[in-house]
Amino acid sequence: MVRHFLADNSLGQLLDWLSRFGALHGPIRTAEGVEVFGPVQAEDDLLLTCRRTLIPPKKYLLPPRQVILNYTAADGYTLPDETAPQVILFGVHPCDLQGIAYLDRVFLGDRPDRLYRRHRDAITLVGLSCEPDEFCFCTSHENIPRNADLFLQHVEHGFLVSTGTSKGEGMIAGLEPLLSDLNIAPQPLSENRMMTRLREVAKNGETFPDSPLWEHFATRCLSCGACSVCCPTCYCFDVLENGALDGTTAERFREWDNCLFRAHGEVAGGTNFRPDRRERFHYRYLHKYLGFGALAGEPACVGCGRCRVVCPVGIDLTELFTEGGDARP
Ligand code: SF4
Ligand code: SF4
């Protein structure tokens, strides 16, 4: 594999170059001190050492609230005429790239979602290597995810730049003065022990029905939904409609929903398939760790660690299948 070397002090030039292809976004810190993906105005805005943003890049593909149909009495329902702006998403870590690959499988599978496609096509992914902390359990922080158009790996005094797609190759054509070629063998896969265990759990369909942890989780959970909002592979949504009182116009939109909310399992007639928290945790567990439908046996969790960081009461579902969990009351 040919990789190019980019010196630290040439990063600004690379960013300027990439900005020609779309609005540059990456990890930045807001005025309130929150690390988020957002517009990058200057090289200094970029948080190159940011380990995880609060919300993953899924917000670029599935906006928290999105109009999916417009209605007028004259034309009936029509698709919104929304165009997605070109965005260069810089600094996406391997776990989030894997999260996007998962969403692609869901939304671009046998019944592609047109709005998702529109946003996905407008995004260029520029990955960035990272150092795991005690919350992450991603497998691939030393490997190049296949869906990165470009991938930058931190090395001494600079970055190794790889191209993962023809789009990425096209984008760096013309940058030769900044890049020197290196012939380096791909890094060996470094498997995290927890991810290895998770894959085993998913493959075997382990559900731990008798674990006392279910009750422990259900008693403490506040149903705040933070663990789902921050998860790069959580995509549950609700579909709602806002109509004008005179019935002439309406907007139908989808907005993020959350399986830990009581209303998530409610259906017409007042029935609720998951009225209590324990059942909602089971549901979350099945979908997050065992996969479902065509994705059964493959965990949806990419090990970003966000849910472990944000839960206000320290709930960590992975305890069900780790040694720590076995030791809990
Ligand atoms: S379940 Fe938690 S650790 Fe896994 S991908 Fe979602 S937020 Fe990250
Ligand atoms: S973040 Fe914690 S408290 Fe909030 S819904 Fe998730 S498990 Fe419950």
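Up top is the structure.
What comes next is a walk through the structure. (Residues numbered from 1 in each chain as written. Chains lettered and ligands numbered in written order. Predicted model: local features only at pLDDT ≥ 70, side-chain atom pairs only at ≥ 80, totals over all residues. Heavy atoms only, no water.)

## With respect to the site of ligand 2
Part 1 of the argument: Around ligand 2, the structure places 13 residues, and the nearest of them are C221, C224, G225, C227 and C311.
Part 2 of the argument: For the shell around ligand 2, the class distribution of residues is 11 nonpolar, two polar and no charged. (Near = heavy atom within 4 Å. Nonpolar A, V, L, I, M, F, W, Y, C, P; charged D, E, K, R; others polar.)

## A short note on the sheet that holds strand 5 (residues 76–78)
Part 1 of the argument: Here four strands make up an open sheet; going across it, the order is 5-4-12-11 and the pairing antiparallel. The open sheet has two edge strands, strand 5 and strand 11 (237–243), and neither has a second partner. Taking the axes of each pair of neighbouring strands and ignoring which way they run, one obtains an average angle of 25 degrees across the sheet.
Part 2 of the argument: Examined bridge by bridge, strand 4 (residues 65–72) and strand 5 share three bridges and lie antiparallel to one another. Looking at strand 5, one finds that Y71 is bridged to Y77.
Part 3 of the argument: Lying over the sheet, helix 4 (residues 114–121) contacts strand 4 and strand 12 (249–256), oriented at roughly 130 degrees with respect to strand 4. (Pairing = 2+ DSSP bridges. Helix = DSSP H or I, 4+ residues; strand = E, 2+ residues; numbered from the N terminus. Axes fitted to C-alpha atoms, helices over the stretch in contact; angles between N-to-C directions. Contact = heavy atoms within 4.5 Å.)

## Details of the environment of P64
Part 1 of the argument: Inspection of the secondary structure puts P64 in the loop between helix 2 (58–61) and strand 4.
Part 2 of the argument: Put simply, P64 and F237 are 173 residues apart on the chain and 8.8 Å apart in space, counted from C-alpha to C-alpha.
Part 3 of the argument: The residues contacting P64, other than those within four sequence positions of it, are K59, R254, E255 and W256.

## Details of the packing of aromatic side chains
Part 1 of the argument: Taken as a whole and judged by the stated rule, the model has nine aromatic pairs.
Part 2 of the argument: Here the aromatic rings of Y71 and Y77 are separated by 4.9 Å at their centres, their planes lie at 50 degrees, and the arrangement is tilted.
Part 3 of the argument: Residue Y71 is classed as partly exposed on the basis of its relative accessible area of 24%.
Part 4 of the argument: Note on W214 and Y285: the rings are 5.5 Å apart at their centroids and 85 degrees apart in plane angle, and the pair reads as edge-to-face. Of this pair, W214 sits in helix 7 (residues 213–220) while Y285 sits in helix 9 (residues 277–290), and the two are 71 residues apart along the sequence. Accessibility assignment for this pair places W214 and Y285 in one class, buried.
Part 5 of the argument: Put simply, the rings of F208, W214, Y285, Y289 and F321 touch in pairs and so form one group of aromatic residues.
Part 6 of the argument: Looking at R65, its charged tip hangs above the ring of F253, at a distance of 3.9 Å from the centre. (Phe/Tyr/Trp six-rings, centres within 6.5 Å; stacked < 30°, edge-to-face > 60°. Buried < 20%, exposed > 50% of the residue type's maximum accessible area, 1.4 Å probe, protein only. Lys NZ or Arg CZ within 6 Å of the ring centre and 35° of its normal.)

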